[in-house]
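Read off the chains here:
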Amino acid sequence: MSHAVWEVLRNTLAWAALATALVMVPGTLVAYLLARRDFRGKRVVSTLFSLPLVLPPTAVGYLLLKLFSFDGPLGRDTIGIDLDVILSWKAVVVACAVMATPLVVRTARVSFEGVDPRYEDMARTLGHGRAATFLRYTLPMARRGLMAALILGFTRAVGEFGATIILAGNIPGRTQTLATAIFSAQQAGRESEANVLLVVALLAGFAAVYASEALAQKQAAAATVR
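Keep in mind that this is a model prediction, so the values were computed, not measured. Every residue gets a number counted from 1 within its own chain, in the order that chain's sequence is written. Reporting in this predicted model follows two pLDDT cut-offs: at least 70 for local features of residues, and 80 or more for side-chain atom pairs to be given and counted; totals over whole chains, interfaces and linings ignore these cut-offs and use all residues. As a convention, hydrogens and water are excluded, and side-chain values are obtained from all of the structure's heavy atoms.

A. Seen up close, the overall build of the protein chain. Helices and strands together make up the secondary structure of the protein chain, namely 11 helices and 0 strands. Each of the three principal axes of the protein chain carries a C-alpha extent, and together these read 65 × 45 × 25 Å. We call a residue buried when its accessible area falls under 20% of the maximum for its residue type, exposed when it is over 50%, and partly exposed in between, using a 1.4 Å probe and counting protein chains only. Per-residue burial over the protein chain gives 39% buried out of 226 residues. In the protein chain, 70% of the contacts between residues at least 6 apart in sequence involve partners at least 24 apart. Accessible surface area values rest on a Shrake-Rupley calculation with a 1.4 Å probe, where residue burial reflects the displayed protein chains alone. Approximately 12400 Å² of the protein chain is accessible, and the part contributed by carbon and sulfur atoms is 66%. Segments assigned H or I by DSSP are reported as helices when at least four residues long, segments assigned E as strands when at least two residues long, and all are numbered from the N terminus. Residue contacts follow a heavy-atom distance rule, with two residues in contact if any of their heavy atoms lie within 4.5 Å.

Put into structure tokens, the structure is as follows:
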């Protein structure tokens, strides 16, 4: 592979990893809330966190563009400072994080729902608070599902195209990702480069889905034993 392809791959993996890291903690907490609590507006919250999964990615990108534009809710004219998101690597991370959120939340929620709440009740009767119970018991029991959520979120971030190209553009060496590089190579007629990038994307996607399936099967088997 050429230096340019390696650079695209390295940047894509780094940005996707950062986006996934930003999503995992709040996504896990939201997933636990949805799995364990009944509250007014629960369906609305669940729907909002699932929207990027069903909206066209370009629509999500346009919404983010409006959000960070100068006169948008997070724009320079509104908050008084320029976050310098649009057409930067930060835009790639934001777009990837938003698009990865639904997979992280939905997968983590299923994982928490597979944990028998009686174990949590037993931990509380032994004097553990809610936070200690969550950290010491719930998270370890849901670890395989949470790992699957992380893998799927990361892979979704690696393959993100629509929202990224709207918010970050496709600037080589600055905001170009694996997905946008494939698009550019194909449009420019660089077929060999596009083929290499395609193979890399296919391998990454296959490995992630295979790993998440294996983790899901282990989680189901463990739940059956319990």
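B. Quick look at the packing of helix α5 (residues 89-113) against helix α8 (residues 143-158). With their axes 8 Å apart at the nearest point, α5 and α8 run at an angle of 160 degrees to one another. Judged by the inter-axis angle, α5 sits roughly antiparallel to α8. Considering only the axes of α5 and α8, their crossing is right-handed. Residues Cys96, Met99, Ala100, Leu103, Val104, Thr107, Ala108, Ser111 and Phe112 of α5 form the contact with α8, whose participating residues are Gly145, Leu146, Ala148, Ala149, Leu152, Gly153, Arg156 and Ala157. Of the residues that constitute the contact of α5 with α8, the class distribution is 12 nonpolar, 4 polar and 1 charged. To define axes, lines are fitted to C-alpha atoms, for helices over the stretch in contact only, and angles between the resulting N-to-C directions are given on a 0 to 180 degree scale. Should an angle lie under 35 degrees it is considered roughly parallel, over 145 roughly antiparallel, and from 65 to 115 roughly perpendicular; all remaining angles are considered oblique. What makes a crossing left-handed is the near helix being turned counterclockwise from the far one by less than a right angle; a clockwise turn instead makes it right-handed. Three classes are used, and their members are as follows: Ala, Val, Leu, Ile, Met, Phe, Trp, Tyr, Cys and Pro are nonpolar, Asp, Glu, Lys and Arg are charged, and the others, Gly among them, are polar.

C. Highlighting the environment of Arg130. For Arg130, the position within the fold is in helix α7 (residues 130-141). Residues Arg130 and Ile151, spaced 21 residues apart in sequence, show a C-alpha to C-alpha distance of 27 Å. Ignoring anything within four residues of it in the chain, the contact list for Arg130 reads Arg37 and Arg124.

D. The packing of helix α2 (residues 42-54) against α5, seen in detail. At their nearest, the axes of α2 and α5 sit 6 Å apart, and the two run at 130 degrees to each other. Considering their axes alone, α2 and α5 lie oblique with respect to each other. α2 and α5 meet at a crossing whose hand is left-handed. Contacts between α2 and α5 involve Lys42, Ser46, Phe49, Ser50, Pro52 and Leu53 from the first element and Val98, Met99, Thr101, Pro102, Leu103, Val105, Arg106 and Arg109 from the second. Among the residues forming the contact of α2 with α5, the class breakdown is 8 nonpolar, 3 polar and 3 charged.

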